[in-house]
Every structure is written in C-alpha cells, then in structure tokens.
Amino acid sequence: MSLDIRKVTAHIGAQVRGVDLARPLDEETVAALREALNVHKALVFDDVDLDDEGHQAFARHFGDLTTAHPTVPAVDGAPNVLPVDSEQGSANHWHTDVTFVLNPPQATTLRSITLPPYGGETLIASSAAAYRRLPEPLRRLADGLWAEHTNDYDYAVPVEDIDEERAAQRARFTSIKYRTAHPVVRVHPLTGERGLFIGGFAQRIVGLSVDESRKVLDLLQSYVTRPENVLRHRWSPNQLVIFDNRITQHYAVDNYDKLPRRLHRVTVAGDVPVGVEGKESWSVEGDAAHYTSVAA
C-alpha cells in the first residue's frame, strides 16, 4: 500500500490515505502508521468500512487491547468496545483517557457511528507542543511535579442537571475508586518527547494543598489548550481517528442540542508512565488488572 500522509495543522494531526483498514496490514504499513502517530500525535482515516470486530482488529496492530473501561459497560458482545453515546452524557472537559489507573491506554481509536447534523466535534491537543512552549522557569517547575489522578472528583455539575439517570451514571463511573500518582511531565517511551501529562482527572499536585494544586494545574493546562496546539476534528460518516493517549488531551464539544451522537472507542494497553528523572508512576488506590495489561 502507498500511504499518503498529509498534515492537518502545524503541531498536531494528519490525514492518512492509501490504506484499507478493513484488510490485514503488513508490518511495513503498521510501522509507517506508528511512525506517523509518533510524529503527528493524531491520525484521521476517511471512508473506513469497519464494524466493531474490524475496529478491534485494526487497533490490535498497535498492541494488546484494554477492555472497554474499568467501570463502564462495553457494547454488547464486544468487551473491548466502549460506546461514547450522547445519551450517557458528554465528555466536555479536557482529559487524557483513563489516567486514573497505573498504566493508562497508549492509544485511543474512535469510529463514527451516529452523528448530529451539526456540532459534536472532538478537540485533540498536543501536550508535547504545550511543554515546548512553557517558559523555562515553568518548565523546570513542571519537570519535578507529580499529580494524583482520580475518577472520584467533583464534576461541578449544576444541581438542576443531576437527575436520577445522571446520578446512576456517576455512581457507576466511581463504583471502583482509583487514585494514581503520575509525573506532570511524562517522557514518551518511543520518541523521548516530554509532554504535560495532566487533564481533567489530575486533581492534586503531590505535596500541595487543593487550592495550590488547582492554581498550578490551571496554569499548566492553559498551555495545553492554546488554539495553535489543538486539532478541531469535525466528524464525517465512516471515519476513524487514532490519537496517542500518552501525549495528547481531548475534549468532546457539547454543541449539538442533545441530538443523537455516538462513537465507538477501542483503546490499546499502555505502559506505566515515567517522569523526567526516570521514576515510574505509582498506584495509591484501586486495582485495574481486570481492565488492562501493562505494555512492555
């Protein structure tokens, strides 16, 4: 196959043509896609002819799969596929997937199933570009910080928006409580790049108070979400997007008037994050062995 890889923005994203994801991929093609993912952080494939089985087969080219989620049910008959469905709420906050466990997924794949006639974009930000743009004093500070990530935190949802169904979803999401300490600056295991490894599940800086932590995290997060670091992906039918979960954040824009929107998500098992000094993350609470293996 002759891959055609075209940048979408200066700092993140590329469109990939010349490959049929429904067919088995040879080692040379997989290596080229991996290299493209390392460089561009997010890849977009148009006109994919995949069902859930084919989606999982494609994701397996990048490593072992996780189950759908540590606490949220999978698609019926597809234990590795998570329904990202507007009926179950929207992930309209910046985050990196499942960072509250010891070894979050290395890569996330999303496939369009049902799309609203407008809105519903996914924003994907390069945390490597964010780190590169930190002023030197902030970079030195961030290099030595660690943050606790948890799935049990205050979502700051207005009381009037929490109905019985939403409360049940929240209870399910936190049915197993996780807390893990990760480096604020993660070193990518394949490229050696440094990126800000924070996002919505990062709730407290180790050694700081909650208020102090919020100020530091908000300051660093403001660099991640600068517009020049962000790919704004407008979904089309039969699209698949893969992004490197180790060095990106993403945000599902809730701008489609509660119309039906459904994606299917498959994630690839990841390694334990490592900080600038070579120290690995550690688990404080919660066992995710049922969810993911640890990638070598």
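Residues numbered from 1 in each chain as written. Predicted model: local features only at pLDDT ≥ 70, side-chain atom pairs only at ≥ 80, totals over all residues. Heavy atoms only, no water.

The name given to the chain in an unreviewed UniProt entry is Taurine dioxygenase, with the source organism recorded as Streptomyces aurantiogriseus. Quoted verbatim from the Cofactor (unreviewed entry) heading of the UniProt record, the comment on the chain is "Fe(2+)". (UniProt positions renumbered as here; feature names shortened; annotations may be inferred.)

(A) Structural view of the overall build of the chain. The secondary structure content of the chain amounts to 6 helices and 16 strands. Rg of the C-alpha trace for the chain: 18 Å, near the compact-globule value of 19 Å for 296 residues, within the 12% margin. Overall, the chain is about 50 × 45 × 35 Å in size when its C-alpha atoms are taken along their principal axes. Residues counted as buried form 51% of the 296 residues belonging to the chain. Roughly 13400 Å² of accessible area belongs to the chain as shown, and the carbon and sulfur atoms make up 50% of that amount. Here the chain holds 31 positive side-chain charges and 41 negative ones, and the gap between their average locations is 5 Å. (Helix = DSSP H or I, 4+ residues; strand = E, 2+ residues; numbered from the N terminus. Rg over C-alpha atoms; globule rule 2.2 N^0.38 Å. Buried < 20%, exposed > 50% of the residue type's maximum accessible area, 1.4 Å probe, protein only. Areas by Shrake-Rupley, 256 points an atom, 1.4 Å probe, with all protein chains shown as cover. Lys, Arg positive; Asp, Glu negative; His and termini not counted. Charge placed at Lys NZ, Arg CZ, Asp CG, Glu CD.)

(B) The nonpolar core, seen in detail. Leu21, Leu43, Phe45 and Phe58 are the most contacted members of the largest nonpolar core, which totals 25 residues. Of all the secondary structure elements, the ones that give two or more residues to this core are strand 2 (14–17), helix 1 (27–40), strand 3 (42–45), helix 2 (52–59), strand 13 (240–244) and strand 15 (262–268). The biggest single contributor to this core is helix 1, with 4 residues. Judged by nonpolar contacts, the second largest core, of 22 residues, contains Trp94, Tyr131, Ala142 and Val224. (Core = buried A, V, L, I, M, F, W, Y, C linked by side-chain atoms within 4.5 Å.)

(C) Region of the structure containing the sheet that holds strand 12 (residues 230–233). On the basis of which strands lie adjacent, the open sheet formed by 3 strands has the order 12-6-14 and antiparallel pairing. Here the strands that pair on one side only, and so sit at the sheet edges, are strand 12 and strand 14 (248–252). Averaged over all neighbouring strand pairs, the angle between strand axes comes to 20 degrees, with direction disregarded. Bridge analysis of strand 6 (residues 122–126) against strand 12 gives 4 bridges, and the strand direction is antiparallel. (Pairing = 2+ DSSP bridges. Axes fitted to C-alpha atoms, helices over the stretch in contact; angles between N-to-C directions.)

(D) Spotlight on the side chain of Thr122. When you line up the elements, Thr122 lands in strand 6. Residue class for Thr122 comes out buried when judged on its relative accessible area of 4%. Side-chain polar atoms of Thr122 contact the side chain of Trp235, separated by 2.9 Å. In contact with Thr122, other than residues within four places in its own chain, are Leu231, Arg232, His233, Trp235, His250, Tyr251, Arg261 and Leu263. (Polar contact = N/O pair within 3.5 Å; in protein donor to acceptor, adjacent residues only side chain to side chain. Contact = heavy atoms within 4.5 Å.)

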